[in-house]
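Examining the three-dimensional arrangement
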Amino acid sequence: MSLISLVGAGKDYGIRTLFSDLELQVGARERLGLIGPNGAGKSTLLRVLAGHDPLDRGERRCSSKLNVVLLDQEPDLDPTRTVLEEVFAAGGERLALLREHEELSLALAADPASDTLLARLSSCNHRMDSCNAWDLERDCREVLERLGIGGASDLLGRRVGELSGGNRRRVALAAALVAQPEVLLLDEPTNHLDAEGVEWLQGWLDRFAGALVLVTHDRYLLDRVTRRIVAVERGEARPYEGNYATYLERRAEEEASEQASAAKFRGSLRRELAWLRQGPKARSTKQKARLQRIEAMREAPARQAKGQVSLTSTARRIGKQAITAEGLCVAVPASPPGRDASGPRTGRPEGPAEPPEEAPQPGPDHPGPRLLLRDFSYDFSPEDRVGIIGPNGVGKSSLLQVIAGRREPSAGTLELGSTVKLAYFDQHSEVLLADRAQRKVIDVVQEAASRVEVDGVDLSASQLLERFLFPPAQQHQPVAKLSGGERRRLHLCRLLIEAPNVLLLDEPTNDLDVHTLGVLEDFLEDFRGCVVVVSHDRWFLDRTVDRLFCFRDGQLERFEGNYSTYLERQQAAAGRPAGGAARTGSAAARADTAASAPGPEGLAPSSNNPPTTKPTPPRRRSFKENRELESIERDLPLWEERRSKLERSLANPSGGDYGQLETLTHELADLVERIHSAEERWLELSERPN
């Protein structure tokens, strides 16, 4: 059954067609992934499916009562609500039932003899039980904690308007999950999540009962969750049955077929042209139809090549020393009351390096500095491929800022080699272009260099932009018209034209399309220099690094190998089967569900410190059980009163209506059984601590 249908749908963005004549159905239990280059229209298509953006042509069909929730890249949240209130407000049917139950309870308290209110309250209780409405608050807290809000970084009581951009995105994602809609539309849900959060989200989506349409750069998530792919590119939207691995296989077959067809066409054209070039006498006798066919073949436009980012190495020579860290310590001022203490803000640019501020004296309003990293020593070699992992807020980005010279270390030394040319691709690259929003795309690149030599070929800035999928017409548009992913790609182009030999990449996969990521991974394999990556993208880490440093208790633990190998060994040491990030070696390896994932970034407890057995404390009453206890205490007196009325009616029957007497007898028997069960349940619940 189709829940949402697009019929002959078309959408234009200025002079560019995003998609046209699109036929798309989202069915019950759908698992659909949207992929395509940045700016191709994936986010717009999601907003059209949600009914937020109108179509230029065609129509969108769905029931007016269909519950559709969209997680947008720029979520619209109420800044005056607290985090818990914002997520609780997304409770949908469960929240409506809780409010109905509260209203009925108040009305029944005012009119306890009302059989109508009692029946409505009983019906409401049954509906709440069927959809677990009692557990709404507990579910809100659990989802927020799994996504990194709550627990150690308890932000539940903070106003949404005070949060960083990354935390607002996580709150919006939590609200979308708690809503449990019939159709869930997610636009880059893994942005600002650490690896543990991504693995938990993957397990949640596996169990989700509704339809899902997903835009994500996380290829393990895309491969594991989706069962159908729609590729949005060059004004077309082409469906492929199967997951991401199946899509890759089909696309490879299609490209091979297209190349064979193009080669056959060129061969045919060469033969016809050779025939045409025979002497004038032969040409005069040629068939008119054949001449027309040759002319048509010559004038036929060549099939437009698929958009492909081309990254080729422009790195300059690097000496024997890249980066040397000795006893490095990194600390940040502890957030005073009212500030976000969950790590660097992700909603605005960090900006250029500034002189370190005078550290405030510790006190109730100015806590002492928070130590993120202590005593780190390592000599990064010129060909190192290093990944840095750990939960959000532990200091990964701060360490890169120290290496890039944007932040001073609190202790220790950091020395760069004399030939090092460093490029820092941070999380706010697209925001850093905001001050150039009205400048042309080509001007932004020419600021760095007007020409560059790539593999022995001298390229202009315009030619380099074409390799980054910016056609000449778009190169003269203002930066403000680019999508977030296109701005990231533009900033990457600007960095690489400077020919660095040390790359610092902070969450480089955010907002880049999967094809660009694949080309970037290929580029890093051939890059002649040192690469240091902070990422939660399991696929990207598996392809680009051969050594990991994991934040744990303020120190960096070294591990040889990529992320999948690391996770497998950690889980094997803990006696669990390998899960989470999938093994490498296939076009699209699967990532196992991690509903009960290990610690941050898959960390397992140290084998040298086995957990000690503690006495199990008595189980406390859950939120649902507290509400159940309150309901029993409120309902029991009403049931007892009804029982007394029934017993009096049966003791003093009026008239000879035996049918009514039988009905009352059955009602009394049912009521006595209900009272007995409620009393037993009351005794059980009242013995548990609150």
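Just above, that's the structure.
As the structure is a prediction and not an experimental result, all values here were calculated from the model.

Attention shifts here to the overall build of the protein chain. Secondary structure summary: the protein chain contains 22 helices and 20 strands in total. Evaluated residue by residue, the protein chain yields a buried proportion of 49% over its 690 residues. Within the protein chain, contacts between residues separated by at least 24 positions form 72% of all contacts whose residues are at least 6 apart in sequence.

The next thing to look at is the sheet that holds strand 10 (residues 323-332). Across the sheet, which stays open at both edges, the three strands sit in the order 11-10-13 with antiparallel pairing between neighbours. The sheet terminates laterally at strand 11 (370-380) and strand 13 (411-416), the two strands that pair on one side only. Ignoring which end each strand starts from, the neighbouring axes of this sheet average 25° apart. As paired elements, strand 10 and strand 13 share five bridges and run antiparallel to each other. Following the sheet pairing, Cys329 is matched in strand 13 by Ala411.

This brings us to the pairing of strand 9 (residues 236-241). Bridge count for strand 8 (residues 228-233) against strand 9 is six bridges, and the pairing is antiparallel. Following the sheet pairing, Glu233 is matched in strand 9 by Glu236. Here strand 8 folds back onto strand 9 in antiparallel fashion, the turn holding two residues, of which Arg234 has a positive phi close to 55°.

Aromatic ring pairs are described here by two measures, namely the spacing of the ring centres and the angle between the planes. Inspection of every chain in the model, using the stated rule, returns 11 aromatic pairs. Ring geometry for Tyr244 and Tyr247: centres 6.0 Å apart, planes at 25°, overall stacked. Of this pair, Tyr244 and Tyr247 both sit in helix 9 (residues 244-276), three residues apart, which is roughly one turn of the helix. For Tyr247, a relative accessible area of 10% translates into the label buried. The interplanar angle of 25° and the centroid separation of 6.5 Å between the aromatic rings of Phe376 and Tyr378 together place this pair among those described as stacked. Each member of the pair Phe376 and Tyr378 is classed as buried. Among the aromatic side chains, those forming a connected cluster through ring pairs are Tyr220, Tyr240, Tyr244, Tyr247 and Trp539. The side chain of Arg489 reaches across the aromatic face of Phe470, ending 5.0 Å from its centre.

Time to look at the pattern of salt bridges. Taken as a whole, this structure holds 23 salt bridges when the rule is applied. For the salt bridge of Asp12 with Arg57, the shortest nitrogen-to-oxygen distance reads 3.0 Å. One end of the pair, Asp12, is in strand 1 (residues 2-13); the other, Arg57, is in strand 4 (residues 57-62), and 45 residues separate them in sequence. Salt-bridge contacts for Asp53 lead to Arg47; the nearest nitrogen and oxygen are separated by 3.0 Å. A cluster of three or more residues bridged by salt bridges with shared partners is formed by Arg219, Glu521, Glu525 and Arg543.

Parameters and conventions
- Residues numbered from 1 in each chain as written.
- Predicted model: local features only at pLDDT ≥ 70, side-chain atom pairs only at ≥ 80, totals over all residues.
- Heavy atoms only, no water.
- Helix = DSSP H or I, 4+ residues; strand = E, 2+ residues; numbered from the N terminus.
- Buried < 20%, exposed > 50% of the residue type's maximum accessible area, 1.4 Å probe, protein only.
- Contact = heavy atoms within 4.5 Å.
- Pairing = 2+ DSSP bridges.
- Axes fitted to C-alpha atoms, helices over the stretch in contact; angles between N-to-C directions.
- Phe/Tyr/Trp six-rings, centres within 6.5 Å; stacked < 30°, edge-to-face > 60°.
- Lys NZ or Arg CZ within 6 Å of the ring centre and 35° of its normal.
- Salt bridge = Lys/Arg side-chain N within 4 Å of Asp/Glu carboxyl O.

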